[in-house]
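Chain by chain, the residues run as shown.
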Amino acid sequence: MAKTIALFNQKGGVGKTTTAVNLTAALTQLGRRVLLVDVDPQGHSTSGLGVDKDAAAFSSYNVLLEGVPVSRALVKTKYGSVVPTNKGLFGAGIQLTEAENREFVLRKALEEVQDDFDVIFIDCPALLELLTLNALVAADSLIIPVQCEYLALEGITDLMTSVKMLQRGLNPKLAIEGILLTMFDARTNLSLQVAREVKKYFREKVFKTAIPRNVRLSEAPSHGKPVTAYDPASKGAAAYLELANEVDKKL
């Protein structure tokens, strides 16, 4: 039975998609069976695993709104399997409002492949709308990337309020898998201060691994590869392999 983990933060630009792609690839490298479900209309997770968004026969749009089975929509790559997305997903949140049990569509769809994978990651949009709600209702737990900048701390309260609302209503079992510090620079007082504050608040929920600022992480998506394939010797690749080992132990 797969564990379903959503990558979520209401603040954009925190490394959510970078983590989704590279954690998928790193866990696959460790021998895990991994599926990444891309429900972010931007589709960066899809292209980050080397899949052409416009060439895929089916997408998460077809799964959510047309009932296409996940097993038919997923694309297998050497970095892991992915249910791709494309531009058609823009506006899908509005279309989903007419669906029966509209917040549970993705959870129901993923039941089909639960035994085929060890872990299912869901890359969410930053906005807390119906696509995101589907992801969070389908998830067993959350990985929350937190950028090591001051404004990131301001968003934590709002984020946790949203999580608690979900736990009280649509998904009582939803847990925090871990808080991931991203864009960490140990040379700056700001990164160190943010790390201290996050650890003070979340304690043991903070992953031991922090993802450093690394130009290779920024370059890899333009080549359609995770950083572990683009530059295996980079600090970014090493960090995500270390993070994958932490997640693997929890699995």
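Here's the deal with the pairing of strand β5 (residues 119-123)
Counting buried positions along β5 yields 5 of 5 residues, so the element is predominantly enclosed. Across the two faces of β5 the burial is the same, with Val 119, Phe 121 and Asp 123 and Ile 120 and Ile 122 all buried. As defined by bridge partners, strand β1 (residues 3-7) adjoins β5 across 5 bridges and the pair is classed as parallel. Within β5, the residue paired with Thr 4 across the bridge is Ile 120. Where strand β2 (residues 34-38) lies against β5, 5 bridges are found, and the strand directions are parallel. Within the sheet, the bridge partner assigned to Leu 35 lies in β5 and is Ile 120.

Quick look at helix α12 (residues 235-250)
With 16 residues, α12 ought to run about 22 Å at 1.5 Å a step, and its terminal C-alpha atoms sit 23 Å apart, in line with that. All of the buried residues along α12 are Gly 236, Ala 237, Ala 239, Tyr 240, Leu 243, Ala 244, Glu 246 and Val 247. If you follow the buried residues of α12, they end up packed against α1 (16-29), β6 (141-147), β7 (175-182), α10 (215-219) and α11 (227-230).

Regarding the side chain of Asn 62
Inspection of the secondary structure assignment puts Asn 62 in helix α3 (residues 60-66). Of note is the side chain of Asn 62, whose polar atom sits 2.7 Å from the backbone nitrogen of Ser 59. Ignoring sequence-local partners within four residues, the contact set of Asn 62 consists of Ala 57, Gly 67 and Val 68.

Section: empty space enclosed by the protein
Taken as a whole, this structure holds 1 cavity of 30 Å³ or more when the rule is applied. Considered as a void within the structure, the largest cavity measures approximately 50 Å³ in volume. Lining the largest cavity, in full, are Asn 9, Lys 11, Val 14, Pro 145, Val 146, Gln 147, Ala 152, Gly 155, Ile 156 and Leu 159. Broken down by secondary-structure element, the contributors of at least two residues to the lining of the largest cavity are β6 and α8 (150-168).

Let's talk about unusual backbone geometry
Of note, the phi angle at Met 183 is positive, near 55°, even though the residue is not glycine. Among the structural elements, Met 183 can be located in the loop between β7 and α9 (189-202). Unusually for a residue other than glycine, Arg 203 sits at a positive phi of about 50°. On the secondary structure map, Arg 203 appears in the loop between α9 and α10.

A word on the layout of surface pockets
As a volume, the largest pocket reaches approximately 610 Å³. Lining the largest pocket are 31 residues, with Gly 15, Lys 16, Thr 17, Thr 18 and Met 183 positioned closest to its centre. Within the residue set of the lining of the largest pocket, elements represented by two or more residues are α1, α2 (44-48) and α10. The element that contributes the greatest number of residues to the lining of the largest pocket is α1, accounting for 5 residues. Residue composition of the lining of the largest pocket, grouped by class: 13 nonpolar, 13 polar and 5 charged.

Rules used throughout
Residues numbered from 1 in each chain as written. Predicted model: local features only at pLDDT ≥ 70, side-chain atom pairs only at ≥ 80, totals over all residues. Heavy atoms only, no water. Buried < 20%, exposed > 50% of the residue type's maximum accessible area, 1.4 Å probe, protein only. Helix = DSSP H or I, 4+ residues; strand = E, 2+ residues; numbered from the N terminus. Pairing = 2+ DSSP bridges. Expected span 1.5 Å × (residues − 1). Contact = heavy atoms within 4.5 Å. Polar contact = N/O pair within 3.5 Å; in protein donor to acceptor, adjacent residues only side chain to side chain. 1 Å grid on protein atoms, 1.4 Å probe; cavity = no way out; pocket = protein on both sides within 12 Å on 5 of 7 lines; lining within 4 Å. Points joined across faces, edges and corners; volume = space filled by probe spheres on them. Nonpolar A, V, L, I, M, F, W, Y, C, P; charged D, E, K, R; others polar.

The analysis is restricted to geometry; functional conclusions fall outside its scope.
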